[in-house]
Every structure is written in structure tokens, then in C-alpha cells.
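The primary structure of each chain is shown beneath.
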Amino acid sequence: MPKHVNAAVLHPLKEALRLTYWYKNDLRAFLNATLGDRSLVAELDWTAYKHQIVTQLIDKLAANQHKYFDVLLNLLLTVAEVEDPSHLKRLTDGQKKYDEAVNSLTSLRKQVEPYRKLRSEKEDAARRLEAELARNENARAMSEKLAELKQLFFTIMSQDPQTRGYSLEKLLNDLFALYDIDAKGSFRIHGEQIDGAFTFQGVEYLLEAKWQKELTPLADLDTFSSKVNRKLDNTLGLFLSMSGFQPNALTLIGHSRRPTLLLMDGSDLTMTLEERILFPDLLMRKRQHAAQTGDIFLKATSLLT
């Protein structure tokens, strides 16, 4: 068989990649572990939608097979070897997402058998081991960074308000960077308040974060909501109040005509730092819950009980 990957297998490969790795940071980690050339991954436009990223990569590899044949072949066979993407089951409509991914992987496997002959069993085993080690290393590095941020979080509790604000600013910047969430410049502190903006799953967010003794009142939420509403229609706001919110603020802000805020408190942040729920998962679930129910304060504890 010639050293060339046929175009007929490229679409099943794209579908399998897109459906098996739901989050862009998971896809990025897999590609870094599998391709062996991080520059190929870094050159992709990670602000684009996931299907665009996958198409951009595979089309480039396929169009330059004289240079990237081994890379494309390894990607094709490694994806086909994914047997049980059970991590998808913990997402909303997880069983449906899982079934779609399994079906796409099954379809891909039916077409890759001829390509296995192009790679010896020894090479195959070595590449699988290398990819597994890289994935384990990535997971270990993520856990170590979260443990570092968790320690910083506990240290912040005993700091004075000004120092505490700068420490929280660093924690949030590092947390967003860890999950490849596109922050628009570093978050900045103004007194006890942190302002910023970021893009997540194609949606633009404004961020406001406060760490003060008092519960956040309705007036603060109204002010931030007005700021968000002055932006384009697809803009949302994430308000992080480490101490929580006044009960009447939650009741009244929840009755607004079209809520544009999502709320998060210190316990939510703690859950993410303890790896009880991934930060991107929590943000996605908060947005979905608000869209379906109008409730803008879905707590992490309710997702874990």
C-alpha cells in the first residue's frame, strides 16, 4: 500500500476527534501528546470553534503528506484506538454524547485496518506508550497546578484586603490560563474588585470578582448587569462574590426581564480547586441551567450531590 492516507478516511477522523474530545483543552492535550510536534498544535487558531480547529489541522496534514504522512498516520491510528470515551457521560446529555462518540470511533475503525500495515507492531506499541505517558504527565501537571492554586487560596484568607485582592487576581489569571480560557489581558484589581473579560465556548463574558466580608447586595449586581447589557447581545457576565450574595439580591435579580449574569461564590471556586468539578464544566453547566430555568446561581454542590 502506498504511503498516502486516502481522503475518504479524513472526514471520519475529523468527526471522531470532534466528538471524542468535547472540550478544546482536552483536545489540545491529546494532540500535544499524539502529534509529537507541539508547533503544529500551537499554530492552530484556538479561538475558533472546535470543528474548525480539527479541520484546520487535518487538512494541513493531508495536503502536505510528503512532509506529514507519519504524523497523520499516527493521529489516524491513535484516535481509532480510543475504546471507551466514558468521560463524556458526566456532561449534560452525556449518554447521547457518549453514544455519538462511540459510533464515530466504530466508523473510523472500519476504515483504518489497511493503514495498520504501514506501521510495525513495535512502532505501534512504542507510540501508544509514549502517548499514554504524555497524557499522564499532562494530568499530573494539571493536578499539581491546581494544588498550588488551592494552597494560594487558603493563604489568601488570612491576608489584608489589598493584598488579598492582588492574590485573587493572580489566582484567577492562573486558573483561566490552566484551562486555555481566552482572557482578554490579565484581570486587574480596583480596590477590592477585579474586572476582566474572557471568551468561553464562543461566548464573550465580562468578569467581576469581589472578596469582602459582606454579602454582595442587589445594587452591585444591578450595576454589573447594566454594564453587561450595554455590550452586544451575546455578551454575558460572570460575577464572583467570594462571600456570597444577599438572599434578596438573588430573588430580585432572578426576576429581571432577561438575565445576563451568572453567579459564582467562594464554595464554587473551592470545588474547582479541589478537582471535584472542572472549572470549564462548572461554567458550562451554570450557563445551560440559566438558559433552561432562568436561575443564574447554580451551585457546584448541587451538581455533586
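The structure displayed is predicted, hence computed values, not measured ones.

Here's the deal with unusual backbone geometry
Of note in the backbone geometry, D180 takes a positive phi value of approximately 55° without being a glycine. Its place among the elements puts D180 in the loop between α8 (161–178) and β1 (182–183). One non-glycine residue, Q201, lies in positive phi territory at about 50°. Tracing the backbone shows Q201 in the loop between β3 (193–200) and β4 (203–210).

A few points about the packing of aromatic side chains
Two aromatic rings are characterised by how far apart their centres lie and by the angle between their planes. For the structure on display, the rule yields nine aromatic pairs. For the ring pair Y21 and F30, a centre distance of 4.5 Å and an interplane angle of 25° mean the geometry is stacked. For F30, a relative accessible area of 2% puts it in the buried group. Geometrically, the ring pair formed by F245 and F297 is edge-to-face, given 5.4 Å between the ring centres and 75° between the ring planes. Residue F245 is found in the loop between β5 (235–241) and α10 (247–253), and its partner F297 is found in the loop between α12 (279–293) and α13 (300–304); the two are separated by 52 residues along the sequence.

With respect to the layout of surface pockets
Space inside the largest pocket adds up to approximately 950 Å³. Looking at the lining of the largest pocket, the elements with two or more residues in it are α2 (24–35) and α7 (121–156). Per element, the largest residue contribution to the lining of the largest pocket is 11 residues, and it comes from α7. Residues belonging to the lining of the largest pocket are distributed by class as follows: 16 nonpolar, nine polar and 13 charged. For the second largest pocket, the calculated volume is near 590 Å³. Every residue lining the second largest pocket is counted, 21 residues in all, and those nearest its centre are K24, A48, K50, Q201 and G202. Sorting the residues of the lining of the second largest pocket by element identifies α2, α4 (50–63) and β3 as the ones contributing at least two each. For the lining of the second largest pocket, the leading source of residues is α2, giving three residues. Taken together, the residues that form the lining of the second largest pocket break down as nine nonpolar, six polar and six charged.

So, how was this worked out
- Residues numbered from 1 in each chain as written.
- Predicted model: local features only at pLDDT ≥ 70, side-chain atom pairs only at ≥ 80, totals over all residues.
- Heavy atoms only, no water.
- Helix = DSSP H or I, 4+ residues; strand = E, 2+ residues; numbered from the N terminus.
- Phe/Tyr/Trp six-rings, centres within 6.5 Å; stacked < 30°, edge-to-face > 60°.
- Buried < 20%, exposed > 50% of the residue type's maximum accessible area, 1.4 Å probe, protein only.
- 1 Å grid on protein atoms, 1.4 Å probe; cavity = no way out; pocket = protein on both sides within 12 Å on 5 of 7 lines; lining within 4 Å.
- Points joined across faces, edges and corners; volume = space filled by probe spheres on them.
- Nonpolar A, V, L, I, M, F, W, Y, C, P; charged D, E, K, R; others polar.

Purely spatial values, then, with no claim about function.
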